[in-house]
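Descriptive structure summary
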Amino acid sequence: MLKKLASGPYLFWIAMFIIVPILMILFFSMVTVESDGSYTFTVSNYVRAFDPIYVTVLLRSLKIAVQATLICLVLGYPMAMILAKMDPRYRTTAVMLFVVPMWMNFLLRTYAWMTILGKNGVLNGILSFFGLPQMTFLYSEGAVLLGMVYNFLPFMVLPIYTVLMKMDKSLIEAAEDLGGNKKTVFTKVVLPLSLPGILSGVSMVFMPAVSTFVISNLLYGGQYMLVGNLIEQQFLVVNDWHFGSAVAMILMLLILVSMAVMNKLGGSGVEEKGVNLW
Amino acid sequence: MSDKIVKGLNITKEYNGVPVVKNIDFWVKKNQFLTILGPSGCGKTTTLRMIAGFETPTTGQLFFEGKDITNTPPYMRQINTVFQKYALFPHMNIYENIAFGLRINKLNEKEIASKVSKMLELVNLSGFEKRSIHSLSGGQQQRIAIARALVNEPKVLLLDEPLGALDLKLRKEMQIELKNMQRELGITFVYVTHDQEEALTMSDKIIIMNHGEIQQIGSPTDIYNEPENAFVADFIGESNILEGIMIRDYLVQFAERDFTCVDKGFGDNTPIEVVIRPEDIKLVAPEEGLLKGIVKSVVFKGVHYEMLVKEADRTWMIHSTTMEQEGTHVGLMLTPDDIHIMSKEG
C-alpha cells in the first residue's frame, strides 16, 4: 500500500511529461486544422513524409548516424580497453579527463569546432602557415560526422569500460590456461562478454546522432540536412506542427525498431551477466 | 631424466618490492598429489600462479620436464588450472565450456564430442551438455571446471582451493572423488588449500608455507607426527607446544621433569621445543600420572571432548572420548612415542 502511494508522484510525472506529450504529438500528426479552427483526421502528413525529398533526408540521417556510431565503436573500444587495463593509480584521473569535456556546454563545444574548422579557423591558419592552399572543412558532411564523434564518443567508451572493468579476470586467465593466445582470448571471451557494453554504447551514440539538429545546424548550415533539422524547422520556422509531428513519430518508430533489433542481438545468452545501462 | 615433472629453483616473487614468496625450492614428482598448505597470505596461491604462468617469478627458475619455462606464457604450458571460483565462461553452455581447449587445439567435431561426453561421464554429469552454467549448483560448476581442465589431458593439473566454496559434506565427497580421479588418470596434481584436514586426507606430499617461506616438506604422516617447527605443529592439528631442553639423545626435560623420548641428534643440553598432540595424552588417576593437574573446562566436540587441564603454571589441551568433570584432579600420562622434539626457531 505504502509502495503504491510512494510511486504516485513518479507515475504522475511519467503520465504528465512523457505519455501525454507523446499522445499530443501523435494527435497533431494525424490531424489538420480547418479554416474554422476545427480538426479533421488525416493521414496526409504521413504521406507527405514519404516524399522523395524527405526520404533522402531521413536516409542521410541514418547513414551519418550509423557512420558516427561505427567510428565511435572503432575508436572507443580500444580506448575503453586501455582505460580498463591502466594502473589503478592513474585510472581515475584518466576516466575523469574523459568525462570533464562533457561538463562543458554541448553548444560551446560544438562552437569550438566551428572556430577550428572555419574559413579563417585554426586549421586553415596552420595550412596557410606552411604555404598550403586554404580548404573548406566547415559546412560539410565530414564536419557533422566529426562533431558527432567528438560529442558522443564518451557515451561509447564509458559503458564498454564499465563492462570490461566488471569482467572476472579469472575468465581471461582460464582462457589463456586452456591454450588461448591473446587473439583467441579476445575473440572468444573478452569480446562476447563485453557485448552488453557495446550494445549500450551503440544505442547511446546512435540515438542522439540520428536525431540531433544542433550539430548539423552549426557545422553544416541551416538546410534540411538531417531529420532533426527537418523537425526543428517545421516547428520553429515553417510552423507546420502537424507535419513536424508526423516526422517525429516516424523517427521515434525507427529508433524503437533499431532498439528492438539491438536487444534481440544482445539477448543470446549474456542477459544474466549483462550490464545494460538502458 | 628425473621423475620431477615440475621444479622450482630459488623462486622469489615481489609485488612493488614487497616479497610474497621468498626464495623457495620445491619439486613435484610425476603422478604425485602435492598439496601446498598454509594460512591465507602465505604465498601458496602465488606459487601456484607461477606454475600456471599467470605470474612470472621476480628471481629464480621454473622447470617443466627439465625445460626452463620461467618465461613461457600460460597457453604454451601443458598445465591446466581449476580456479577457485570455477571461472566457467558464462556465454557458453557446458559443452562449449569443456570443448574450449579442444577447439583451440583444432580437434575435429567428432573427437570433441566423444571427449566431452567421456569427461561428463567422469564427473557424473552426463546429459548436461546443453545446459547453461547458471543452472548448475556450486558443486556441479566445480565438476565442470575440473572436466574443462582435464579434457585437455594436461600433464599437471593445478587446483586453487577448488572446494573452498562447497559445504562440508560435499567437500568431503569431492575430496574422495578428486583423489580417485588423480589415481585413475595418473595425472600430477598440485593442490592449494588452507584446510589442513583436506591436505592430510588427499596428499602424497605436503609443502607447508608461511610468510612466503617453506616451513616443511613431507608426507602427511611425517608432517603430522614430526613437525619441524612450532608453526607446523600448530597449523597441522592442535597441539601443546612447550619449551624444553634436550639433555642427551633419547632424554628430554620439560615441565620440570625428565622424559624418555624417541628423538636423537639434537646435541646435548640443547634448548628445543616439544610438541604433544592433545589426543596422545591419557588422563589417569592423579597418583598414576607423570604430571598432575585440575580439569578447568570441558567442551564436547562431537567425536571427542576437548578438556583444558591446568598443571603448575601451564594449560594442557587434551582430547579424549571419555569425559572428566570440571574441577577433577587428574594425572597426565605420556609415552615416549607421544613426545615430538623440534629444533627451536630462529
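Residues numbered from 1 in each chain as written. Chains lettered and ligands numbered in written order. Predicted model: local features only at pLDDT ≥ 70, side-chain atom pairs only at ≥ 80, totals over all residues.

1. Focus on the overall build of chain B
Applicable threshold: What counts as a helix is a DSSP run of H or I of at least four residues, what counts as a strand is a run of E of at least two, and both are numbered from the N terminus. Exposed residues have 12 or fewer other C-beta atoms within 10 Å of their own C-beta, buried residues have 20 or more, and partly exposed residues fall in between, where C-beta atoms are placed from the backbone. We call two residues in contact if the C-beta atoms placed from their backbones are at most 7 Å apart.
Looking only at helices and strands, chain B has eight helices and 20 strands in total. Taking the principal axes of its C-alpha atoms as reference, chain B extends roughly 80 × 45 × 35 Å. For chain B, the proportion of its 346 residues judged to be buried stands at 39%. Excluding contacts between residues fewer than 6 apart, the proportion of contacts in chain B whose partners are at least 24 apart in sequence is 64%.

2. Here's the deal with the overall build of chain A
Looking only at helices and strands, one finds 14 helices and two strands in chain A. The dimensions of chain A, computed from C-alpha atoms along their principal axes, are 80 × 75 × 35 Å. Among the 278 residues that make up chain A, the fraction classed as buried is 32%. Within chain A, residue pairs in contact and separated by at least 24 positions form 71% of the contacts whose partners lie at least 6 positions apart.

3. Some thoughts on the interface of chain A and chain B
In plain terms, the rule: Residue polarity follows a fixed list, in which Ala, Val, Leu, Ile, Met, Phe, Trp, Tyr, Cys and Pro are nonpolar, Asp, Glu, Lys and Arg are charged, and the others, Gly among them, are polar.
At the interface, 19 residues of chain A touch 18 residues of chain B. Among the elements that make up the side of chain A that touches chain B, the one with the highest residue count is helix 9 (residues 169-177) of chain A (six residues). When grouped by side-chain class, the residues that make up the side of chain A that touches chain B number seven nonpolar, six polar and six charged.

4. What about the nonpolar core?
Counted only if it meets this: A set of buried residues qualifies as a nonpolar core if it consists of Ala, Val, Leu, Ile, Met, Phe, Trp, Tyr and Cys joined through C-beta atoms within 7 Å.
Of all hydrophobic cores here, the largest spans 96 residues; its most connected members are Ile-51, Ala-145, Ala-147, Leu-158, Val-190 and Ile-207 of chain B. The element that contributes the greatest number of residues to this core is helix 4 (residues 138-150) of chain B, accounting for six residues. Discounting residues that sit within four places of it in the chain, Ile-51 of chain B has contacts with Val-6, Leu-62, Ile-79, Leu-158 and Val-190 of chain B. Counting residues in each nonpolar core, the second largest holds 47 residues, with Met-204, Val-210, Leu-219 and Met-225 of chain A among its members.

5. Observations concerning the domain arrangement of chain B
Keep this limit in mind: Each domain's limits were defined by an automated method or a database of domain assignments.
Structurally, chain B comprises domain 1 (4-225) and domain 2 (238-343). The straight-line distance from the C-alpha centre of domain 1 of chain B to that of domain 2 of chain B is 39 Å.

6. Re the sheet that holds strand 16 (residues 291-300) of chain B
All names here are of chain B. Put simply, the rule reads: Note on pairing: two strands pair once DSSP finds at least 2 bridges between them. Fitted lines through C-alpha atoms give the axes, limited to the stretch in contact for helices. The angle between two N-to-C directions lies from 0 to 180 degrees.
Strand order in this open sheet of five strands is 15-19-16-17-18, and the pairing throughout is antiparallel. Two strands close off the open sheet at either side, each with one partner strand: strand 15 (282-284) and strand 18 (314-320). For this sheet, the mean inter-axis angle between neighbouring strands, taken without regard to orientation, is 45°. Where strand 17 (residues 305-311) lies against strand 18, seven bridges are found, and the strand directions are antiparallel. Opposite Leu-308, over in strand 18, you have Met-317 as the bridge partner.

7. With respect to the sheet that holds strand 7 (residues 156-160) of chain B
Residues and elements named next belong to chain B. Spatially, 6-7-8-3-9-10 is the arrangement adopted by the six strands of the open sheet, whose pairing is mixed. At either margin of the open sheet sits one strand with a lone partner, and together these are strand 6 (79-82) and strand 10 (213-218). Taken pair by pair, the neighbouring strands of this sheet meet at an average axis angle of 20°, ignoring direction. Across five bridges, strand 9 (residues 205-210) lies against strand 10 in antiparallel orientation. The partner of Met-209 across the bridge, within strand 10, is Ile-214.

8. Notes on the domain arrangement of chain A
All names here are of chain A. Split into domains, chain A comes out as domain 1 (1-42) and domain 2 (51-266). For domain 1 and domain 2, the distance between their C-alpha centroids amounts to 31 Å. With six residues of domain 1 at the contact, the number on the domain 2 side is six residues. When residues of the side of domain 1 that touches domain 2 are traced back to their parent elements, those giving at least two are helix 2 (8-29) and strand 1 (31-33). The leading source of residues in the side of domain 1 that touches domain 2 is helix 2, at four residues.

9. Some points on unusual backbone geometry
Of note, Asn-239 of chain A is a non-glycine position whose phi angle comes to about 65°, a positive value. Mapping Asn-239 of chain A onto the fold places it in the loop between helix 13 (227-236) and helix 14 (241-266). A tally of 9 C-beta atoms within 10 Å means that Asn-239 of chain A is categorised as exposed. Of note, Asn-23 of chain B is a non-glycine position whose phi angle comes to about 45°, a positive value. Relative to the elements of secondary structure, Asn-23 of chain B occurs in strand 2 (residues 18-29).

10. Let's talk about helix 1 (residues 44-52) of chain B
Residues and elements named next belong to chain B. For helix 1, the buried fraction is high: eight of the nine residues fall into the buried class. For helix 1, the complete set of buried residues consists of Lys-44, Thr-46, Thr-47, Leu-48, Arg-49, Met-50, Ile-51 and Ala-52. Positive phi shows up at Gly-53, right after helix 1, with a value of about 105°.

11. Regarding the packing of helix 2 (residues 94-104) of chain B against helix 3 (residues 109-122) of chain B
Residue and element names in this part refer to chain B. Definition in use: Here is the rule for angles: anything less than 35 degrees is roughly parallel, anything more than 145 is roughly antiparallel, 65 through 115 is roughly perpendicular, and the remaining ranges are oblique. A crossing counts as left-handed when the near helix is turned anticlockwise from the far one by less than a right angle, and as right-handed when that turn is clockwise.
Between helix 2 and helix 3, the least distance of the axes is 10 Å, while the angle of their chain directions is 125°. As far as their axial angle goes, helix 3 and helix 2 are oblique. At the point where helix 2 passes helix 3, the crossing takes the right-handed sense. Two secondary-structure elements touch here, helix 2 through Tyr-95, Ile-98, Ala-99, Leu-102 and Arg-103 and helix 3 through Ile-112, Lys-115, Val-116 and Met-119. Partitioned by chemical class, the residues of the contact of helix 2 with helix 3 number seven nonpolar, no polar and two charged.

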